[in-house]
Amino acid sequence: MLRQQDVGHRIVVRRIVGIREGRPLFSDALGELVELSETHLTLATAHGPLRVPVTQVHRAKRVPPTRRPTAAAVVALEQAADEAWPAPTRGRIGDWLLRSADGWTGRANSALPIGDPDRPLAAAVDEVERWYAEQGQPAMINTPLPLAAPVGTELDARGWTARPPTLVQTAPLPLPAPSSVDTPPAAGRVNLAGGQADAAGGQVGAASGQAAAGGQAAAGGQAGLAGGQAGAAGGQAGRWESAVVELATAPSEGWLAVAAGRKGGLPDAARHVLTAVDQVRFAHGYVDGTLVAVGRGTVTGQGRWLGLSLIEVSPVARRQGLARQVIHELAAWGVSAGATRAFLQVEQHNTAAVALYQRLGFVTHHTYLTRVAPH
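Residues numbered from 1 in each chain as written. Predicted model: local features only at pLDDT ≥ 70, side-chain atom pairs only at ≥ 80, totals over all residues. Heavy atoms only, no water.

### Quick word on helix 7 (residues 351–359)
Within helix 7, seven of the nine residues are buried, leaving the element largely enclosed by the surrounding structure. Those residues of helix 7 that sit buried are Thr351, Ala352, Ala353, Val354, Ala355, Leu356 and Tyr357. Lining the buried residues of helix 7 we find strand 2 (23–36), strand 10 (166–172), helix 6 (322–336) and strand 15 (341–347). (Buried < 20%, exposed > 50% of the residue type's maximum accessible area, 1.4 Å probe, protein only. Helix = DSSP H or I, 4+ residues; strand = E, 2+ residues; numbered from the N terminus. Contact = heavy atoms within 4.5 Å.)

Written out as C-alpha cells, the structure reads:
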C-alpha cells in the first residue's frame, strides 16, 4: 500500500467499482498522487483529479515516472535554485557548493554536491564537515536524487540523518489564470509549509496557522499577517473580491514581519538571501488595506527559471484563492522578464500544497533530502 512518501509521485491504483454476480469489478487509474489520508487518496490523472475512498482501493503502488530528467537538467535546475536563494558565505570543494547563512533555513546552510568534488568521495565529505565546523554550524548536505545517491550512501555509512523529502516541482509558463476560489482537497487546510520550511529551503508555504509575530527585531514591530488583524480582512461575503496584489522590488516591513515570524527571526544573512538576486519581486496581497498574503519570485538560471518561494496567506484569508492570485501575479512578472518555466520546492508530506501546485500545472522534476551530520 501507499505511504506519505509516495505523495507527489506517479502511482497506479486498482479500485473496486462495483459487484457483478457476486464478484468485484476493478478499474485501474494512473496518475500523480497529490493527497493521501486515512479515508481517501487523490491522484491527478490525464482526465483530471480522481478521489478514491480507501475502502475501494484493492491495490496501489508507486510506478516509475514517464521519463526522468537528465543529470544535466537536475544540475541546471539546482544551480538556478541556488541563485534564487543565495547564501552570503560560500565556498567550494571542486564543483560542490558550500553555503552558510547564520543558520537561517536549511538550504542556505547546506552543501550542494553536484559535479566533481575533485577528490575521493569520503575526502569530500570530510572537507564538508571541516568547513561547517569552522562556521560553527552543524554540517548539512542537500542530496538531489537520484543524482546524488552515491553521496547518500556515504552519508548513511557515517550515520547522517535525513529530513523529510522535498519535491522540486516545475511547470511551463504562463500558468493557468487564477480561479475566484481556491479550495484544496484537504478540508479546512491551506498550509503551504507544513511547519518545516527549513527542509524546503524556505520555499513555498504558509505558516501552519501561525500569524507572523510582531516584536521581531528585523520586522519593525509590525505584526504582518498577525491573527489579531485577521478580523479586518475576513469573514464578510465578497470581501475577497477586493484583494489587490502588488509587486515591489523590495519587501515592506510587514512582508519582513511575516518572514521573521515564520523563521524565528531575520538576521542580516536572511536579508541577503531574500534580496541579493538581480531579478526579484516581493508580492504583497491586501484586502481593505490589510496585508493578508505575501510571496517572492526570482528569475535565475540565465533568465529561464522563475523561482517561487515564501507564498503565505493569513489563516483567516485562506481558501479564497489568494495564494493562487499571488502566484499568478509573480508568474506574469516572470513571463515579462523572459522566464519560460517556473519551479518551487515543497515538502513531500505537505499534501495540501502539492494539490494546489498540481492544479497550477506543477509536476515533480526530482526530489532531494537534507542530510544532517550526527552530533
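### As for the confidence of the model for the chain
Of the residues in the chain, 83% reach a pLDDT of 70 or more, and the chain-wide mean stands at 83. Predicted confidence for residues 180–224 stays below pLDDT 50, and this span has 164 contacts to residues more than four positions away or in other chains. (pLDDT = per-residue confidence, 0-100.)

### Digging into the nonpolar core
In summary, soluble globular proteins display a tendency toward joint burial of nonpolar side chains. In terms of nonpolar packing, the biggest core is built from 50 residues, with Leu41, Leu306, Leu322, Tyr357 and Phe362 touching the most fellow members. Of the residues forming this core, the biggest block, seven residues, is contributed by helix 6. Discounting residues that sit within four places of it in the chain, Leu322 has contacts with Trp240, Ala243, Val292, Ala293, Val313 and Ala317. Of all hydrophobic cores here, the second largest spans 21 residues; its members include Ala101, Ala260, Ala270 and Leu274. (Core = buried A, V, L, I, M, F, W, Y, C linked by side-chain atoms within 4.5 Å.)

### Here's the deal with the pairing of strand 2
In the sheet, strand 1 (residues 10–20) pairs with strand 2 via ten bridges, with the strands oriented antiparallel. Within strand 2, the position partnered with Ile11 by the bridge is Gly31. Count of turn residues in the strand 1/strand 2 antiparallel hairpin: two residues, of which Glu21 carries a positive phi of about 50°. Relative to strand 3 (residues 40–45), strand 2 runs antiparallel, the two sharing four bridges. Across the sheet, Glu35 pairs through a bridge with Thr42, a residue of strand 3. In sequence, strand 2 turns back onto strand 3 through a hairpin of three residues. (Pairing = 2+ DSSP bridges.)

### A look at unusual backbone geometry
For the peptide bond that leads from Leu145 to Pro146, omega is 0°, which places it in the cis range. Mapped onto the elements of the fold, Pro146 is located in the loop between strand 8 (140–145) and helix 3 (149–158). In this structure, Pro174 follows Leu173 across a cis peptide bond, with omega equal to 0°. Assignment of secondary structure puts Pro174 in the loop between strand 10 and strand 11 (244–248). Phi is positive for Glu21, close to 50°, though the residue is something other than glycine. Tracing the chain through its elements places Glu21 in the loop between strand 1 and strand 2. The phi angle at Thr105 is positive, at roughly 75°, despite the residue not being glycine.

### A short note on the packing of helix 2 (residues 121–135) against helix 3
Packing of helix 2 against helix 3 leaves a shortest axis separation of 10 Å and a crossing angle of 65°. Judged on the interaxial angle alone, helix 3 and helix 2 are roughly perpendicular. Every pair of crossing elements has a handedness; the one defined by helix 2 and helix 3 is right-handed. Packed against helix 2, whose contacting residues are Leu121, Ala122, Val125, Asp126 and Glu129, the element helix 3 presents Pro150, Val151, Glu154, Leu155 and Arg158 at the interface. Tallied by class, the residues present in the contact of helix 2 with helix 3 amount to six nonpolar, no polar and four charged. (Axes fitted to C-alpha atoms, helices over the stretch in contact; angles between N-to-C directions. Parallel < 35°, antiparallel > 145°, perpendicular 65-115°, else oblique. Left-handed = near helix turned anticlockwise from the far one by under 90°. Nonpolar A, V, L, I, M, F, W, Y, C, P; charged D, E, K, R; others polar.)

### Focus: the environment of Leu308
Relative to the elements of secondary structure, Leu308 occurs in strand 14 (residues 305–313). On the basis of relative accessibility, which here comes to 0%, the residue Leu308 falls in the buried class. Remark: the alpha-carbon pair of Leu308 and Ala81, spanning 227 residues in sequence, is separated by 9.7 Å.

### Brief notes about the packing of aromatic side chains
What describes a pair of aromatic rings is the distance from one ring centre to the other and the angle between the planes of the rings. Evaluation of the coordinates by the stated rule reveals five aromatic pairs. Measuring from centroid to centroid gives 6.1 Å for Trp305 and Phe343, while their planes differ by 75°, and the two rings are edge-to-face. Taken together, the residues span a long stretch of sequence, with Trp305 in strand 14 and Phe343 in strand 15 at a distance of 38 residues. When its relative accessible area of 6% is taken as the criterion, Trp305 is described as buried. Note on Phe343: relative accessible area 0%, which makes it buried. (Phe/Tyr/Trp six-rings, centres within 6.5 Å; stacked < 30°, edge-to-face > 60°.)

### Some thoughts on the pattern of salt bridges
Going through the model one piece at a time under the given rule, you end up with nine salt bridges. Asp28 is the salt-bridge partner of Arg14, the closest N and O atoms lying 2.8 Å from each other. Pair noted here: Arg14 is in strand 1 and Asp28 is in strand 2, with a separation of 14 residues, a long-range link. For Arg14, a relative accessible area of 35% translates into the label partly exposed. Classification of Asp28 by relative accessible area gives partly exposed; the value is 46%. Salt bridges sharing partners connect three or more residues here, namely Asp126, Glu129, Glu154 and Arg158. (Salt bridge = Lys/Arg side-chain N within 4 Å of Asp/Glu carboxyl O.)

### Things to note about the pairing of strand 14
Counting buried positions over the nine residues of strand 14 gives nine, a clear majority of the element. The antiparallel hairpin formed by strand 13 (residues 290–300) and strand 14 contains four residues in its connecting segment, where Gly301 sits at a positive phi of about 65°. Looking at chain direction, strand 14 and strand 15 are connected through three bridges and run parallel. The residue bridging Trp305 from the neighbouring strand is Arg341, located in strand 15. Running through helix 6, the crossover from strand 14 to the neighbouring parallel element strand 15 is right-handed. (Right-handed = clockwise from strand over helix to strand, strands pointing away.)

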